[in-house]
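A structural walkthrough
Read off the chains here:
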Amino acid sequence: MSDDPISDWILSEGNATQITRTSPIGGGCINNARRYDTDAGSFFVKTNRGIGPSMFEGEALGLGAMYETRTIRVPRPFKVGPLPTGGSYIIMEFIDFGASRGNQSVLGRKLAEMHKAGKSEQGFGFDVDNTIGSTPQINSWTSDWIEFYGKHRLGYQLKLILDQYGDSTIYQKGKRLVKNMAPLFQNIVIEPCLLHGDLWSGNISSDKNGEPVILDPACYYGHNEAEFGMSWCAGFGGSFYNAYFEVMPKQPGFEKRREIYLLYHYLNHYNLFGSSYRSSAMSIIDDYLLMLGV
């Protein structure tokens, strides 16, 4: 293995003859990020000294799938590989971000266009497991959405909480919700749509032309409404939803299902950051158990 596989790739397959500068980019809490300036343009490189290439391979597959829809702008992935001293790297397109997060209605429309274009004939899931933050996200192909979401999203997070915190109360109540949540999905058509999977304000930006850019995905094919699960820290306004639903019409019972999708991310935040997120998750579970009468 090369002592510097990142520079080697940039100077061969990246079509550069010279790297003029590298500089750190802040903002991430899991990986290190650097900008590589060259005579062939700039590249964005993330490295992680403690994790093998599988995490970045999942990210690259997600970025590639979104890029292939030719709808919303995402950084194009180029190369994933291991580092000689341990860990891994990903090289991708460098996008010069604008000053704002872009136009909300354009973001809503472009996101809906991605959901409409990115379809799977294999059901719900993804070709590889990936991560949501640093939590594993299981993407085993499943033909039924309620089964997939109950087992690989809510059920998986509940089991992590039980193992990590011994919180049998939220585990048992949460499992009861999973077992009885089917009525929330009556009389709707659920197609496997390509989802970004972790759409919060830190993963939404715009380029220098003001076009929206989304990054750092946790992609899988799922119910399009699950994309709004991080809306509590995404800042989506009325113009975002109006534009979205013009392309992907709102289905009956949308309002009743909204919090079932927030719940996955509250549970994940409980697992990642501790019990300050417990009450939000517990409140959603209790409200649904009351609504469903179980």
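Above: the structure in question.
So, here is what we can say about the structure in this document. Quick caveat, the model's predicted, so the values are computed rather than measured. (Residues numbered from 1 in each chain as written. Predicted model: local features only at pLDDT ≥ 70, side-chain atom pairs only at ≥ 80, totals over all residues. Heavy atoms only, no water.)

1. Brief notes about the sheet that holds strand 1 (residues 19-25)
- One open sheet holds the 5 strands; their spatial order is 1-2-3-5-4, and the pairing between them is antiparallel. Each edge of the sheet is formed by a strand with only one pairing partner; in this case those strands are strand 1 and strand 4 (77-82). With direction set aside, neighbouring strand axes in the sheet form an average angle of 20°.
- Relative to strand 3 (residues 41-48), strand 2 (residues 32-38) runs antiparallel, the two being bridged by 7 bridges. (Pairing = 2+ DSSP bridges. Helix = DSSP H or I, 4+ residues; strand = E, 2+ residues; numbered from the N terminus. Axes fitted to C-alpha atoms, helices over the stretch in contact; angles between N-to-C directions.)

2. Some details on the pairing of strand 4
- For strand 4 and strand 5 (residues 88-93), the ladder comprises 5 bridges, and the chain directions are antiparallel. Within strand 5, the position partnered with P82 by the bridge is S88.

3. Comments concerning the environment of I214
- By the secondary structure assignment, I214 is in strand 10 (residues 212-214).
- Take I214: its relative accessible area is 0%, and that puts it in the buried class.
- Along the chain, I214 and L107 lie 107 residues apart, while their C-alpha atoms are 9.2 Å from each other.
- Setting aside residues up to four positions removed in sequence, I214 forms contacts with M66, I72, R73, V74, P75, L107, L111, M114, H196, L199, N203 and I204. (Buried < 20%, exposed > 50% of the residue type's maximum accessible area, 1.4 Å probe, protein only. Contact = heavy atoms within 4.5 Å.)

4. Regarding the packing of helix 3 (residues 104-117) against helix 6 (residues 238-247)
- Between helix 3 and helix 6, the shortest axis-to-axis distance is 7 Å and the interhelical angle comes to 30°. Classed by the angle they form, the pair helix 3 and helix 6 counts as roughly parallel. The chirality of how helix 3 crosses helix 6 is right-handed. Judged by residue contacts, Q104, S105, L107, G108, R109, L111, A112, E113, H115 and K116 of helix 3 engage S239, F240, A243, Y244 and V247 from helix 6.
- Considering only residue class, the contact of helix 3 with helix 6 consists of 7 nonpolar, 5 polar and 3 charged. (Parallel < 35°, antiparallel > 145°, perpendicular 65-115°, else oblique. Left-handed = near helix turned anticlockwise from the far one by under 90°. Nonpolar A, V, L, I, M, F, W, Y, C, P; charged D, E, K, R; others polar.)

5. What about the nonpolar core?
- Counting residues in hydrophobic clusters, the biggest one holds 69 residues, and the most contacted among them are W145, L154, I214, F228, F236 and I260.
- Looking at which element gives the most residues to this core, the answer is helix 7 (residues 254-273), with 9 residues.
- Excluding anything up to four places from it in sequence, I260 contacts Y149, L154, L177, M181, L184, F185 and Y288.
- Core analysis: the second largest hydrophobic core is formed by 10 residues, I6, I10, F43 and L83 among them. (Core = buried A, V, L, I, M, F, W, Y, C linked by side-chain atoms within 4.5 Å.)

6. Describing the environment of Y241
- Looking at the element boundaries, Y241 is found in helix 6.
- For Y241 and Y266, which are 25 residues apart along the polypeptide, the C-alpha to C-alpha distance reads 22 Å.
- Not counting chain neighbours up to four residues away, the residues in contact with Y241 comprise F228, S231, F236 and R258.

7. Remarks on the packing of aromatic side chains
- Counted under the stated rule, the structure contains 29 aromatic pairs.
- Measuring from ring centre to ring centre gives 6.0 Å for F126 and Y221, while their planes differ by 35°; the resulting arrangement is tilted. You can see F126 sitting in the loop between helix 3 and strand 6 (130-132) and its partner Y221 sitting in strand 11 (residues 220-222), a full 95 residues away along the chain. The burial state of F126 is the same as that of Y221; both residues are buried.
- Between F236 and Y241, the ring centres sit 6.1 Å apart and the planes meet at 85°, which makes this aromatic pair edge-to-face.
- Residue class for F236 comes out buried when judged on its relative accessible area of 12%.
- When its relative accessible area of 12% is taken as the criterion, Y241 is described as buried.
- Among the aromatic residues, those joined into a ring-pair cluster are F124, W145, F148, Y149, F185, Y220 and Y261.
- A cation over an aromatic ring shows up here: R153 above the ring of Y220, its NZ or CZ 4.1 Å from the ring centre. (Phe/Tyr/Trp six-rings, centres within 6.5 Å; stacked < 30°, edge-to-face > 60°. Lys NZ or Arg CZ within 6 Å of the ring centre and 35° of its normal.)

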